Amino acid sequence: MKQPGRRDFLRLMAAAASASALEALLRQATAQPLASGQSSSPQAQNNPVRIGLISDLNRSYGSTSYGSTVERGVSLLLQQKPDLVICAGDMVAGQKTSLTDRQLAAMWEGFQVSVQRPLQTAGIPLLPAIGNHDASSQRFQGRYIYARERQQASFFWNQHRDALSPGLTEAINFPFQYAWHGPGLFLVVMDASSATVSSAQRQWLSRALNAPQRHKDDLCLVVGHLPLTAFSQGRARAGECIHDAGSLAAELRQAQVDLVISGHHHAWYPAEALGLRLLSLGAMGSGPRRLLGSNIASAASLTLLDWSVSDQCISERTLNLNTLSEMQPDLLPTTIVAPGFAEARRRSTQWQRTQRG
Ligand SMILES: [Fe+2]
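Since the model is a prediction, treat every value here as computed from it, not as a measurement. (Residues numbered from 1 in each chain as written. Predicted model: local features only at pLDDT ≥ 70, side-chain atom pairs only at ≥ 80, totals over all residues. Heavy atoms only, no water.)

## Things to note about the overall build of the protein
1) Next: Secondary structure assignment for the protein yields seven helices and 17 strands.
2) Next: Partitioning the contacts of the protein with sequence separation of at least 6, the portion at a separation of at least 24 is 69%.
3) Next: Working note: accessible area of the protein is about 15,700 Å², and carbon and sulfur atoms make up 50% of it. (Helix = DSSP H or I, 4+ residues; strand = E, 2+ residues; numbered from the N terminus. Contact = heavy atoms within 4.5 Å. Areas by Shrake-Rupley, 256 points an atom, 1.4 Å probe, with all protein chains shown as cover.)

## Here's the deal with the sheet that holds strand β9 (residues 219–223)
1) Next: The strand order across the open sheet formed by nine strands is β6-β7-β8-β9-β10-β12-β11-β16-β15, and the pairing between neighbours is mixed. Because the sheet does not close on itself, it has two edges, and the strands there are β6 (168–173) and β15 (335–336).
2) Next: Inspection of the sheet shows strand β11 (residues 269–273) paired to strand β12 (residues 276–280) by five bridges, in the antiparallel sense. Following the sheet pairing, A271 is matched in β12 by L278.
3) Next: Each of β6, β7 (177–182), β8 (185–189) and β9 touches helix α6 (residues 199–209); the most contacted strand, β8, lies at about 170° to it. (Pairing = 2+ DSSP bridges. Axes fitted to C-alpha atoms, helices over the stretch in contact; angles between N-to-C directions.)

## Things to note about the confidence of the model for the protein
1) Next: Counting all residues, the mean pLDDT for the protein is 89, and 87% of those residues have values of 70 or more.
2) Next: A low-confidence stretch, residues 30–44 (pLDDT under 50), is modelled with 25 contacts involving residues beyond four sequence positions or located in other chains. (pLDDT = per-residue confidence, 0-100.)

## Some details on the coordination of the iron ion
1) Next: The iron ion binds to the protein through D90 (OD), N132 (OD1), H225 (NE2) and H264 (ND1); the donor distances cover 2.1 to 2.2 Å.
2) Next: Around the iron ion sit four donor atoms; with metal-centred angles ranging over 85 to 166°, the donor geometry is irregular.
3) Next: Read from N- to C-terminus, the donor residues coordinating the iron ion fall into the pattern D-x41-N-x92-H-x38-H. Pair noted here: N132 is in helix α4 (residues 132–135) and H225 is in the loop between β9 and α7 (245–254), with a separation of 93 residues, a long-range link. (Donors = N, O, S within 2.8 Å, 3.2 Å for Na, K, Ca; no water. Tetrahedral: all angles 85-135°; square planar, octahedral: opposite > 155°, others 65-115°.)

## Looking at the nonpolar core
1) Next: Ranked by size, the top nonpolar core spans 105 residues in total, and within it F111 and L252 carry the most contacts.
2) Next: It is helix α3 (residues 101–121) that contributes the most residues to this core, six residues altogether. (Core = buried A, V, L, I, M, F, W, Y, C linked by side-chain atoms within 4.5 Å. Buried < 20%, exposed > 50% of the residue type's maximum accessible area, 1.4 Å probe, protein only.)

## Some remarks on the sheet that holds strand β1 (residues 48–54)
1) Next: Read from one edge of the open sheet, six strands run β3-β2-β1-β13-β14-β17, paired in mixed fashion. Every other strand in the sheet has two partners, leaving β3 (126–128) and β17 (350–352) as the edge strands with one partner each. The sheet shows a mean angle of 25° between the axes of neighbouring strands, direction not considered.
2) Next: Where strand β13 (residues 301–308) and strand β14 (residues 313–320) come together, eight bridges link them in antiparallel fashion. Across the sheet, residue S308 finds its bridge partner in β14, namely C313.
3) Next: Sheet contacts for helix α2 (residues 68–80): β1, β2 (84–87), β13 and β14; angle to β13, the most-contacted strand, approximately 20°.

## Observations regarding the environment of S63
1) Next: Looking at where S63 falls in the secondary structure, it is placed in the loop between β1 and α2.
2) Next: Classification of S63 by relative accessible area gives buried; the value is 16%.

## Concerning the pairing of β12
1) Next: The element β12 is extensively covered by neighbouring structure, given that four of its five residues are classed as buried.
2) Next: Relative to β12, strand β10 (residues 259–262) is paired through three bridges, and the arrangement is parallel. Its bridge partner being in β12, I261 is matched across the sheet by L279.
3) Next: Here β11 folds back onto β12 in antiparallel fashion, the turn holding two residues, of which L274 has a positive phi close to 55°.

## Considerations on the side chain of N132
1) Next: N132 sits in the buried class, given a relative accessible area of 7%.
2) Next: Side chain to side chain, N132 and H264 meet in a polar contact 3.2 Å long. (Polar contact = N/O pair within 3.5 Å; in protein donor to acceptor, adjacent residues only side chain to side chain.)

## Regarding the pairing of β14
1) Next: Taken across its eight residues, β14 has seven buried, putting it largely inside the fold.
2) Next: Inspection of the sheet shows β14 paired to β17 by three bridges, in the antiparallel sense. Bridge pairing in β17 places S315 opposite Q350.

## Observations concerning the packing of aromatic side chains
1) Next: Using the criterion set out here, one finds nine aromatic pairs in the structure.
2) Next: For the pair F111 and F156, a centre-to-centre distance of 6.1 Å together with 70° between the ring planes defines the contact as edge-to-face. With F111 in helix α3 and F156 in helix α5 (residues 147–159), this pair connects stretches of sequence that are 45 residues apart. Here F111 and F156 have matching classes, each one buried.
3) Next: Residues F174 and Y178 carry aromatic rings whose centres are separated by 4.9 Å and whose planes lie at 65° to one another, so their mutual orientation is edge-to-face. The pair F174 / Y178 is uniform in exposure class, with both members buried.
4) Next: An aromatic cluster is built from Y66, W108, F111, F156 and W157, whose rings are joined through pairwise contacts.
5) Next: Sitting over the face of the ring of Y144, R150 holds its NZ or CZ atom 4.3 Å from the ring centroid.
6) Next: Looking at R277, its charged tip hangs above the ring of W351, at a distance of 3.8 Å from the centre. (Phe/Tyr/Trp six-rings, centres within 6.5 Å; stacked < 30°, edge-to-face > 60°. Lys NZ or Arg CZ within 6 Å of the ring centre and 35° of its normal.)

Written as structure tokens, this is what we have:
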């Protein structure tokens, strides 16, 4: 057997040092107290609720495994023990009609092994929003182009529906569109896996947001994969943002939604636009993108949102999954402007919700 040379030895030493440095950073990142200074105690009205927000995990088409930033992110979530995790889509690597049913099932199995099962075993519910690479709603001549992908996604998530059942409501079209409620929290997931959010879905959305399970003190989140406006370079074009976002935004404003969460643009940006508070999540996996007007690629990241029901305060922390350091909103562009899209202004990541009238 070939003995390792000096170069191999140095490379191994560097890898070991890097791994231990990351472990130390992970411990440091996870040792930080909650922003509110209180301990995380799930399922209690007067204690903070911690929500993990992730998005865009997938690798290349057909892939059944995940990269190091996804592994690190899952480890971080297991250590942080959020009360629930919401994924804003692109969990697997579909949107290719040549992928066989067997390949599609294998991708979801890979997702189960790497992400869903570790969280479920730790007692952390994972709530999905469907992305274009999971099961795009794009149609041609009235039919879903990726109908098989939609069947596979539906099959997978309905197998795991029981774990989410206590809070599920308005869930006839689960996992594509549904509402979920827990103590102090009301969540509506829409199918924004393509740019078309149909009028039927918009009507459903209005109904779901006014469901009797929604309490006036609840933090109300709406999650969909595609955003209402453009955030990143290469995505400021038709098909990459929700079509006719203005009228949808008006409905969400009227329903007094507190925060609209999206993925797909692979760039973290806490924004105000269209009279709404928005959060564009960074990708947890590969494919970082530059924000419009920025020369720096947005790092792989996840966001932790702490919600204190008693004082109605929200604190968001976004962690770089390469360095495990907290990302600073002050370093983001103050505005994002793209022709044909609503202007997005950077907002604070510490905020207080306005009680619903
Ligand atoms: Fe996407």
